[in-house]
Every structure is written in C-alpha cells, then in structure tokens.
Amino acid sequence: MKISDLIHRTRIGALGLSLLSAACIITTDDDDGELNDDGTESGNPPTTTGQPNTSGSLDDSGTGGGTDGGTDTGTGNEVCEDAQNVVLEPGFEQGPKTTAWTVTSAVFDTVICDAGCTNEGGAEPYAGDYWVWFGGLEEGDPPEEAVVEQDVTIPAGDEAQLSFWFQIRSGAGTGNDVFSVDMVDGDIVDNLWMVTDLDMPSYADEYRRIDLDVTPWADGGTYTLRFSTSIQNDALTSFFLDEVELVACSAEAGTSSGTATEGEDTTAGSTGTTGETEGATSTGTGTGTGTGTGTGTSGG
C-alpha cells in the first residue's frame, strides 16, 4: 500500500460501527482544562466537531483506563511548574519532516497528521496544526505497529514528571489494540502507562491530560521516551497524542550572605540567632524565603 506523507484518512466516519454496545464516554461541562470530579483534567480541542455520540458512565472507582504504574491525574506538578521542558518539538509542529522525533509505522509513511489527513470533523490536534494519530484503519486492513520516540536528557532532580494530551477517538472494542508509553535505557524497557481500545469510554469525549511520575530517571542521564501502538484492525481504533512535556526539578532552596557587626546576623531574607566570641567569627542561620545563611564578624 503506497500512502503519501499526508495520509488522507476518511475511514473514521465508521466510528459508530466500531463501538461495543456497552461503550460510554465521560461528559463534562468544562471546556477550558479545569479538573473534573475524578481528579482528571480535560480540555476540548480548539474547534471540535463531530465527536462520538454515545452515553454511559465510568467504572465504580470513578476513573477509567490507564495501567502499569500510570495515572491520569491532570493535576500538574506545582514544584516543577517553572521547570524547562526537555522534550524537543513537543507539539509535533514540524509535521512529518520533524527532526526531533523518530517515527516508524508498518502501514503509513508517517503518523504525524494535520487537517489534510482526514475530512472528518472532530479529528484534530489538541493544539496547533499537527498531532500524532495512531491507527485510523478499518477492519481488514494490515495490522499496524507504530512508534514515535525521542532521546531526552533528564536533569538530576528531586521530582520529574511526564505530561501529554491524549484521546481515544475510536475503539474496536476488542482489547487487542494497545497504546503504550515507555522509558527505554538500552535493552531495558520500563512501561510507564498503557491503555487499550477498551478504555475508550474514559478518553473519547475530548483530549485529557495524562501526568506520569518519571522521578526514577531524574539522574542526569539520557533515555528514550517512546510512544507506541499495536493495532490489529479488527475494527476501527484511533489513538491521538499531542503536546508532550517532561520536566525535572529540585525542592526550592536559596542561600544568601551579608556583613554583620557586633556579632549580629543582618543577612537579608533570613532571621536567626547569633553567637558572639571576642576576636572570632559569629554565624547566624535562619529561615526566610527558602533557606538563608549569614556570616558576620564580631568586634572585640
């Protein structure tokens, strides 16, 4: 099958035929990325139309989908709020010609799509013009094995977090189609998160932010961040991925110094006790913003 770099996928219109009768989606009133009752964060794509029209509820726990050490909290990481994203080209905006991501597919020339990939409303990125579309094939097409990955150097830190926006646009309802997130170190592959087409009820209505703890890899080393899928094409399945972020950070700390007289610690931003010894040095320590340390010279 010869398919151009911008694959025109029109088969997503068969969505209704691919859902099991028990399929359901989360319905929320928020459209600006606010938290839902189950602690997950959701956000509509910029101009979403043609969303699946099914109904139902979550499982008894109030959550759905996500296994193997991952949760879709959507709460973010306040400690790492201002940390730098180590992922290059996080929104795939270079398109199929990306130099930051390594992309392979058994069926398509690329799995990075824009509006030219389909004429179906609602199949679109979370933000920008491009996104990763795993699947989009119908029953009887060749099985798909696809990978989108990038080497990342994760700074040493006390915490590290991987976040991305994810949607299961359509699901075959068989459990045979899998989306995985892995951290790879040579021959060692650690699975961070995994869902199947059966998890569509939790991710069909709109993109949802997935937050995963990757602190064990925050050691200054370089690892391969891998998103992959295996789709058997028993029926239509589509996994959407966009806006990837990986940050590492340490607990906030600061030091400051100043000049003191008569054994007094006058260090800005710190308040503490001082010791006074004739002809010696007195040191005052205390806490202010972060941790402050001051050194003064005692006269005598």
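Remember, predicted model here, so these are calculated numbers, not experimental data. (Residues numbered from 1 in each chain as written. Predicted model: local features only at pLDDT ≥ 70, side-chain atom pairs only at ≥ 80, totals over all residues. Heavy atoms only, no water.)

**Some points on the overall build of the chain**
Tallying secondary structure elements over the chain gives two helices and 14 strands in all. Among the 300 residues that make up the chain, the fraction classed as buried is 48%. Sequence-distant contacts, at least 24 apart, represent 77% of the contacts inside the chain between residues at least 6 apart. As displayed, the chain offers around 14000 Å² of accessible surface, 45% of which is attributable to carbon and sulfur atoms. (Helix = DSSP H or I, 4+ residues; strand = E, 2+ residues; numbered from the N terminus. Buried < 20%, exposed > 50% of the residue type's maximum accessible area, 1.4 Å probe, protein only. Contact = heavy atoms within 4.5 Å. Areas by Shrake-Rupley, 256 points an atom, 1.4 Å probe, with all protein chains shown as cover.)

**Topic: the side chain of threonine 98**
As for its placement among the helices and strands, threonine 98 is situated in the loop between β1 (41–43) and β2 (102–105). For threonine 98, the side chain forms a polar contact with the main-chain nitrogen of alanine 100, separated by 3.2 Å. A polar side-chain atom of threonine 98 sits 3.4 Å from the main-chain amide nitrogen of tryptophan 101. If sequence neighbours within four positions are ignored, threonine 98 has contacts with Glu89, Val103 and Ile112. (Polar contact = N/O pair within 3.5 Å; in protein donor to acceptor, adjacent residues only side chain to side chain.)

**Here we look at the sheet that holds strand β7 (residues 178–185)**
Ordered in space as β2-β5-β10-β7-β8, the five strands form an open sheet in which the pairing is antiparallel. A single partner strand is all that each edge strand has here, and the edge strands are β2 and β8 (188–196). Averaged over all adjacent pairs, the angle separating strand axes in this sheet is 15 degrees, with direction ignored. Pairing geometry for β7 and strand β10 (residues 222–231), over seven bridges, is antiparallel. Pairing of valine 181 across the sheet is with phenylalanine 227, part of β10. (Pairing = 2+ DSSP bridges. Axes fitted to C-alpha atoms, helices over the stretch in contact; angles between N-to-C directions.)

**Describing the environment of threonine 118**
When you line up the elements, threonine 118 lands in the loop between β3 (112–113) and β4 (131–137). Note: C-alpha distance between threonine 118 and glycine 136 (18 residues apart in sequence) is 9.7 Å.

**Regarding unusual backbone geometry**
In this model, glutamate 89 sits at a positive phi of 50 degrees, which is unusual for a non-glycine residue. For glutamate 89, the position within the fold is in the loop between β1 and β2. Not every positive phi belongs to a glycine, and glutamate 243 is a case in point at roughly 50 degrees. Mapped onto the elements, glutamate 243 comes out in strand β11 (residues 237–249). Given a relative accessible area of 27%, glutamate 243 falls into the partly exposed group.

**Quick look at the pattern of salt bridges**
Tallied over the entire structure, the rule returns two salt bridges. Glutamate 149 is the salt-bridge partner of arginine 226, the closest N and O atoms lying 2.6 Å from each other. Pair noted here: arginine 226 is in strand β10 and glutamate 149 is in strand β5 (residues 144–153), with a separation of 77 residues, a long-range link. Note on arginine 226: relative accessible area 23%, which makes it partly exposed. For glutamate 149, a relative accessible area of 18% translates into the label buried. Two residues, aspartate 211 and arginine 209, come together in a salt bridge whose shortest N-O distance is 2.7 Å. Each member of the pair, aspartate 211 as well as arginine 209, is classed as buried. (Salt bridge = Lys/Arg side-chain N within 4 Å of Asp/Glu carboxyl O.)

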